[in-house]
Amino acid sequence: MIGDRWGVTQAEVERRYPCDELLPTPGVQLWRGVSVQAPAEAVWPWLRQLRLAPYSYDWVDNLGRRSPRVLSDLPDPVPGDPYSRLANRFDVGRVRSVVPGEQLTASILGSLMSYVLVPSGSSTRLLLKILTARRTPGTVLLGLGDLPMARKQLRTLAHLAETGRPV
């Protein structure tokens, strides 16, 4: 499918993700990945921060409000917590499973997604897998529409983890 992969290796596509346990026979599977020049301990607080904002194209998916560029002292999420917020007002999605420092799995708009941190020395692979139950014309378009959004989100999170400075 066009747009199903960005920034991932074949081995990363073939690995198991936590969302696979929640939807063993998906209709659509999408993979995204980015290398972060920082340890997983520096990346995890930014994943935890997704509860505050989406960290993608804020003018599109955050109603024009800028996602925070300073870390908040948030506790680790637990299943049932909101996955993210829009415009600092609207909770969207739900956290489905979490292993602090390793993975965050959530559901939103009929999709499941797992963010997975894979440490490699002083750097980290930040991987994202997205699943939907059925393949429909709309979910096929999801792959194309999500690609620039997820790419921007992962790159923003990587930059913040690497530098601690705003993008």
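Predicted, not measured: the structure shown is a model, and the values here were computed from it.

Caption draft 1: The arrangement of the overall build of the protein in detail. A tally of helices and strands in the protein yields five helices and seven strands. In the protein, the succession of α and β elements from N to C terminus is β-α-α-β-α-α-β-β-β-β-β-α. Burial status across the protein gives 47% buried among its 167 residues.

Caption draft 2: Representation of the nonpolar core. Counting residues in hydrophobic clusters, the biggest one holds 33 residues, and the most contacted among them are Val36, Leu47, Leu50, Met113, Tyr115 and Leu126. Elements with a contribution of two residues or more to this core: strand 2 (28-36), helix 3 (40-48), strand 4 (90-99), strand 5 (103-108), strand 6 (111-120), strand 7 (123-132) and helix 5 (137-163). Of all the elements, helix 5 adds the most residues to this core, at six residues. Ignoring any residue separated from it by four or fewer positions in sequence, one finds leucine 47 in contact with Leu104, Tyr115, Leu117, Leu126 and Leu157. Formed by 10 residues, the second largest nonpolar core is a distinct cluster that contains Cys19, Leu112, Val116 and Leu127.

Caption draft 3: A look at the confidence of the model for the protein. On average, the protein scores 87 in pLDDT, and the residues at 70 or more come to 85%. Mean pLDDT per element in the protein: helix 4 (residues 58-61) is the minimum at 64, and helix 1 (residues 10-14) is the maximum at 98.

Caption draft 4: Molecular detail of helix 3. Most of helix 3 sits out of view: seven of its nine residues are buried. Taken as a whole, helix 3 has its buried residues at Ala40, Val43, Trp44, Pro45, Trp46, Leu47 and Arg48.

Caption draft 5: Geometry of the side chain of serine 123. Positionally, serine 123 belongs in strand 7. Ignoring any residue separated from it by four or fewer positions in sequence, one finds serine 123 in contact with Val36, Gln37, Ala38 and Val118.

Caption draft 6: The pairing of strand 4, seen in detail. Looking at chain direction, strand 3 (residues 82-86) and strand 4 are connected through four bridges and run antiparallel. Among the inter-strand pairings, leucine 86 is bridged to a residue of strand 4, identified as phenylalanine 90. In textbook terms, the turn of a hairpin is the stretch between consecutive antiparallel strands, and for strand 3 and strand 4 this stretch comprises three residues, one of which, alanine 87, has a positive phi near 55 degrees. Here five bridges tie strand 4 to strand 5, and the two strands are oriented antiparallel to one another. In the strand pairing of strand 5, valine 99 is matched with glutamine 103. Counting the residues in the hairpin turn of strand 4 and strand 5 gives three residues, including glycine 101, whose phi is positive at 80 degrees.

Caption draft 7: Molecular detail of the pattern of salt bridges. Overall, the coordinates contain seven salt bridges when judged by the stated rule. Aspartate 20 is paired through a salt bridge with lysine 129; the nearest N and O atoms lie 2.7 Å apart. With a gap of 109 residues between them, aspartate 20 in helix 2 (residues 18-22) and lysine 129 in strand 7 connect regions that are remote in the sequence. With a relative accessible area of 5%, aspartate 20 lands in the buried category. According to the relative accessible area criterion, lysine 129 is buried, its value standing at 3%. For arginine 48, the salt bridge goes to aspartate 76, with nearest N and O atoms at 3.0 Å. A residue pair is termed long-range when its members are at least 10 positions apart, and arginine 48 in helix 3 and aspartate 76 in the loop between helix 4 and strand 3 qualify at 28 residues. According to the relative accessible area criterion, arginine 48 is buried, its value standing at 17%.

Caption draft 8: View of unusual backbone geometry. At leucine 109, a residue that is not glycine, the phi angle is positive and equals roughly 50 degrees. By the element assignment, leucine 109 lies in the loop between strand 5 and strand 6.

Caption draft 9: Broad picture of the packing of aromatic side chains. The tally for this structure, following the rule as stated, stands at two aromatic pairs. Taking the centre distance of 6.2 Å and the plane angle of 80 degrees together, the rings of tryptophan 46 and tyrosine 55 count as edge-to-face. For tyrosine 55, a relative accessible area of 0% translates into the label buried. Relative to tyrosine 115, the ring of tyrosine 83 has its centre 6.4 Å away and its plane inclined at 25 degrees; by these criteria the two rings are stacked. Highlighted residues: tyrosine 83 in strand 3 and tyrosine 115 in strand 6, separated in sequence by 32 residues.

Rules of the game
- Residues numbered from 1 in each chain as written.
- Predicted model: local features only at pLDDT ≥ 70, side-chain atom pairs only at ≥ 80, totals over all residues.
- Heavy atoms only, no water.
- Helix = DSSP H or I, 4+ residues; strand = E, 2+ residues; numbered from the N terminus.
- Buried < 20%, exposed > 50% of the residue type's maximum accessible area, 1.4 Å probe, protein only.
- Core = buried A, V, L, I, M, F, W, Y, C linked by side-chain atoms within 4.5 Å.
- Contact = heavy atoms within 4.5 Å.
- pLDDT = per-residue confidence, 0-100.
- Pairing = 2+ DSSP bridges.
- Salt bridge = Lys/Arg side-chain N within 4 Å of Asp/Glu carboxyl O.
- Phe/Tyr/Trp six-rings, centres within 6.5 Å; stacked < 30°, edge-to-face > 60°.

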